[in-house]
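# Structural characterization, general
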Amino acid sequence: MDELQPPRRGGPPWRSGARSRTAAGLPWVSTAVLLVFVMVGTGFAEEGQGRRPLGLAARLLLLVAVGVLLLRRRRPVVAVATTCAATLVYLAAGYPYGPVFVAVAVGCFSAIVTGHREAAWWSLGGLWAGHVLVSHWLYRWLPPDGDRAAPWTQQGFITAWVVAVVAAAELLRVRREQWAAARAEREAAERRRADEERLRMARELHDVLAHSVSVINVQAGVGLALLDSDPEQARTALTTIKGASKEALDEVRQVLANLRTPGDAPTSPAPGLDRLPELVEQAAAAGLTVTVGSEGAPAAVPPGAGLAAFRIVQEALTNVVRHSGSRTAEVHIGYGSGRLRLRIDDAGPATGGDAGGSGNGLVGMRERAAALGGTIEAGPRPDGGFRVLAELPFTGPDRDRRPPEPPEETT
């Protein structure tokens, strides 16, 4: 299973570093750079405008308009409203136009992308309306002396600038929402993959341990019963216990090794129908006689379908050992066009209340079949026995995998 990596954040990669550096505190660096740009740029912009020269009051207004942007992440509404208000006072006082509008744009962007759209619109609209009022009606009573009404072409340019700022901010907001949605989707997909991998591991461990422990339990009972009367048979039972436990430990180690070393190929191939004789031998060691038959031309089965088929047969035989009074079982394999059909029968009767299909074993069977788009039915037969019927579709079998030999009748 792949190691769970920290989810990648949405958005362009160049934003991640800046976000990590400034998210914990105030954006001092960017605000300081903007302040220097506004102060120096306004000094160059005042030449030739015929407006009031920059003085201490003008510099203080510019400082307020830019400095309040330190709060644009924590208090975006306060930041945009104060910036627009300070800029309006600056323009009404007759000071020259200049880069102060960049500060307004930054405040507007910050408010909109953080979800305070109405506050940004009202602040920017108030600045635009106040500028229209000052430049076309109140200019007579405001400095500088002898000022004339601003041309409407200039007002048209400012209107276009306002619309462009709002449109760009809204576009950035939409993009950020898309990045957040994509990030959430990736995180959800990673969680789903992790859950699916955990479920797969749980199924593998359950199937391995349930089958092996059932064999060990039966053989331990036989060994205890015959320990005094038939020591040789008891020795055979203990030998079977040793072999079953060793195989279980090997398979558990393989599953856990895949979990601990992500990306490494398994040290041994996944079990498939070619290992069905091993299941028959293990069942025989537990006192169960298994007959295997097949129908149709054997086809190459992909590893995924082969593993599912092997585990379904394994779990079905384990249930016979644990929950059935019968000591015989029949396994029938049917090969079709892109389809594998399994039937496992025992004559019964059931010896436990959960023999009819409850528990994690049959749940795991159904999950394996469903993962391949197949179906599985499990339930009692009219004659008192129990039947597991699975149908597993598969497509595109591995070309390098040779078809297995048809199973022989085994008793």
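Below, the structure is looked at part by part. Values in this document were obtained by computation on a predicted structure and should not be read as measured data. (Residues numbered from 1 in each chain as written. Predicted model: local features only at pLDDT ≥ 70, side-chain atom pairs only at ≥ 80, totals over all residues. Heavy atoms only, no water.)

### Side note on the overall build of the chain
Test applied: Each helix is a run of DSSP H or I of at least 4 residues and each strand a run of E of at least 2, with the numbering of both proceeding from the N terminus. In this scheme, a residue with accessible area under 20% of its type's maximum is buried, one over 50% is exposed, and one in between is partly exposed, where area comes from a 1.4 Å probe on protein chains only. Here, residues are in contact when the closest pair of their heavy atoms is within 4.5 Å. Areas reported as accessible are Shrake-Rupley estimates using a 1.4 Å probe. Residue values count occlusion only from the protein chains shown.
Counting its regular elements, the chain contains 11 helices and 5 strands. Looking at the chain as a whole, 39% of its 411 residues qualify as buried. Sequence-distant contacts, at least 24 apart, represent 74% of the contacts inside the chain between residues at least 6 apart. Counting every atom, the chain has about 22,700 Å² of accessible surface; 60% of that belongs to carbon and sulfur.

### Examining the pairing of strand β2 (residues 328-336)
We apply this condition: Any two strands with at least two DSSP-identified bridges between them are counted as paired. Place the viewer so that the strands point away; then a crossover is right-handed whenever the path from the first strand over the helix to the second strand goes clockwise.
Pairing geometry for strand β1 (residues 289-295) and β2, over 7 bridges, is parallel. Paired with Gly293 across the bridge in β2 is His332. Crossover connection from β1 via helix α10 (residues 303-323) to parallel β2: handedness left-handed. As defined by bridge partners, β2 adjoins strand β3 (residues 339-346) across 8 bridges and the pair is classed as antiparallel. The residue of β3 that forms the bridge with Val331 is Ile344. The antiparallel pairing of β2 with β3 creates a hairpin that spans 2 residues between the two strands, and Gly338 there sits at a positive phi of about 65°.

### Digging into the pairing of strand β5 (residues 386-393)
Two faces make up the sheet, and in a regular strand the side chains alternate between them. Among the 8 residues in β5, 6 count as buried, and that is most of the element. Bridging between β3 and β5 involves 8 bridges; their strand directions are antiparallel. When the bridges of β5 are listed, Leu342 appears paired with Ala390. The hairpin turn running from strand β4 (residues 375-380) into β5, its antiparallel successor, is 5 residues long, and Gly384 in that turn takes a positive phi close to 100°.

### A short note on helix α9 (residues 276-285)
The line we're drawing: Here the arc refers to the directions that run from the helix axis out to each C-beta atom.
Considered for burial, the residues of α9 that qualify are Leu276, Leu279, Val280, Gln282 and Ala283. Projection of α9 onto a plane perpendicular to its axis shows the buried side chains occupying an angular sector of 165°, all on one side. One or two residues past the end of α9 sits Gly287, with phi positive at roughly 90°.

### Topic: the nonpolar core
Taken as a class, soluble globular proteins show a tendency for nonpolar side chains to be buried jointly. Condition: In this description, a nonpolar core means a group of buried Ala, Val, Leu, Ile, Met, Phe, Trp, Tyr and Cys residues linked to one another through side-chain atoms lying within 4.5 Å.
Of all hydrophobic cores here, the largest spans 38 residues; its most connected members are Leu317, Leu340 and Leu342. Within the residue set of this core, elements represented by two or more residues are α9, β1, α10, β2, β3, α11 (360-371) and β5. A per-element tally of this core places α10 first, with 10 residues. Not counting residues up to four positions away in its chain, the partners in contact with Leu342 are Ala309, Ile312, Val313, His332, Ile333, Val388, Leu389, Ala390 and Leu392. In terms of nonpolar packing, the next biggest core, distinct from the first, is built from 19 residues, Leu69, Leu91, Ala93 and Tyr95 among them.

### With respect to empty space enclosed by the protein
As a reminder, the rule being used: Detection works on a 1 Å grid of protein atoms alone, calling trapped sets that fit a 1.4 Å probe cavities and calling open sets with protein on both sides within 12 Å along at least five of seven lines pockets, with lining residues defined by an atom within 4 Å of a point. Grid points are joined across faces, edges and corners, and a volume is the space filled by probe spheres set on the points. Any residue outside Ala, Val, Leu, Ile, Met, Phe, Trp, Tyr, Cys, Pro, Asp, Glu, Lys and Arg is labelled polar, Gly included; the first ten of those are nonpolar and the last four are charged.
Counted by the stated rule, this structure contains 3 cavities of 30 Å³ or more. Lining the largest cavity we find Leu91, Phe101, Leu124, Leu127, Trp128, His131, Ile158, Trp161 and Val162. Going through the elements one at a time, α6 (117-136) and α7 (152-226) are the ones with two or more residues in the lining of the largest cavity. Each residue belonging to the lining of the largest cavity can be placed in one class, and the counts come to 8 nonpolar, 1 polar and no charged.

### Some remarks on a nonpolar patch on the surface
Here is the rule: Nonpolar side chains (Val, Leu, Ile, Met, Phe, Trp, Tyr) are joined into patches within 5 Å and like charges within 9 Å, using only residues with over 30% relative accessible area and no salt bridge. Within this document, salt bridges are pairs made up of a side-chain nitrogen of Lys or Arg and a carboxyl oxygen of Asp or Glu, the two lying within 4 Å of each other.
Nonpolar side chains collect at one region of the surface, where Trp28, Val29 and Val33 lie side by side and expose about 360 Å² of accessible area between them. In this fold, Val33 is placed in helix α2 (residues 28-45).

### What to know about the packing of α2 against helix α5 (residues 100-113)
The relative placement of two packed helices is expressed as an angle between their axes plus a distance between the axes. The following threshold applies: Interaxial angles span 0 to 180 degrees and are taken between N-to-C directions of axes, which are lines fitted to C-alpha atoms, for helices over the stretch in contact. Our angle categories are set so that under 35 degrees counts as roughly parallel, over 145 as roughly antiparallel, 65 to 115 as roughly perpendicular, and the remainder as oblique.
At a minimum axis distance of 8 Å, the contact between α2 and α5 shows a crossing angle of 150°. Of the possible angle classes, the one that applies to α2 and α5 is roughly antiparallel. For the pair formed by α2 and α5, the contact residues are Leu34, Phe37 and Val38 on the first element and Val100, Val102, Ala103 and Val106 on the second. Grouping the constituent residues of the contact of α2 with α5 by class yields 7 nonpolar, no polar and no charged.

### A closer look at the environment of Ile216
Looking at the secondary structure, you find Ile216 in helix α7. Ile216 sits 27 residues away from Gly243 along the chain, and the two C-alpha atoms are 9.3 Å apart. Dropping the residues within four chain positions of it, Ile216 is found in contact with Ile241, Ala244 and Ser245.

### Regarding the environment of Leu26
With respect to the element layout, Leu26 can be found in the loop between α1 (14-22) and α2. Separated by 47 residues in the primary sequence, Leu26 and Arg73 have C-alpha atoms spaced 7.8 Å apart. Leave out the neighbours within four places in its chain, and Leu26 touches Leu70 and Arg74.

### Looking at the sheet that holds β1
Pairing between the strands of a sheet comes from backbone hydrogen bonds, and it takes one of two forms, parallel or antiparallel. One open sheet accounts for 5 strands, arranged β1-β2-β3-β5-β4; its pairing is mixed. The open sheet has two edge strands, β1 and β4, and neither has a second partner. The average undirected angle you get between the axes of adjacent strands in this sheet is 10°. Where α10 meets the sheet, it contacts β1, β2, β3, β4 and β5, and its direction lies at approximately 10° from that of β3.

### As for the packing of helix α4 (residues 76-92) against α6
As a packed pair, α4 and α6 sit with axes 9 Å apart at the nearest point and diverge in direction by 5°. Relative to α6, the element α4 lies roughly parallel. Where α4 abuts α6, its residues Val77, Val80, Ala81, Cys84, Thr87, Leu88, Leu91 and Ala92 lie against Ala119, Ala120, Ser123, Leu124, Gly126, Leu127, Gly130, His131 and Val134. When the residues that make up the contact of α4 with α6 are grouped by side-chain class, the tally is 12 nonpolar, 5 polar and no charged.

Honestly, that's just the spatial picture; any functional story needs more than this.
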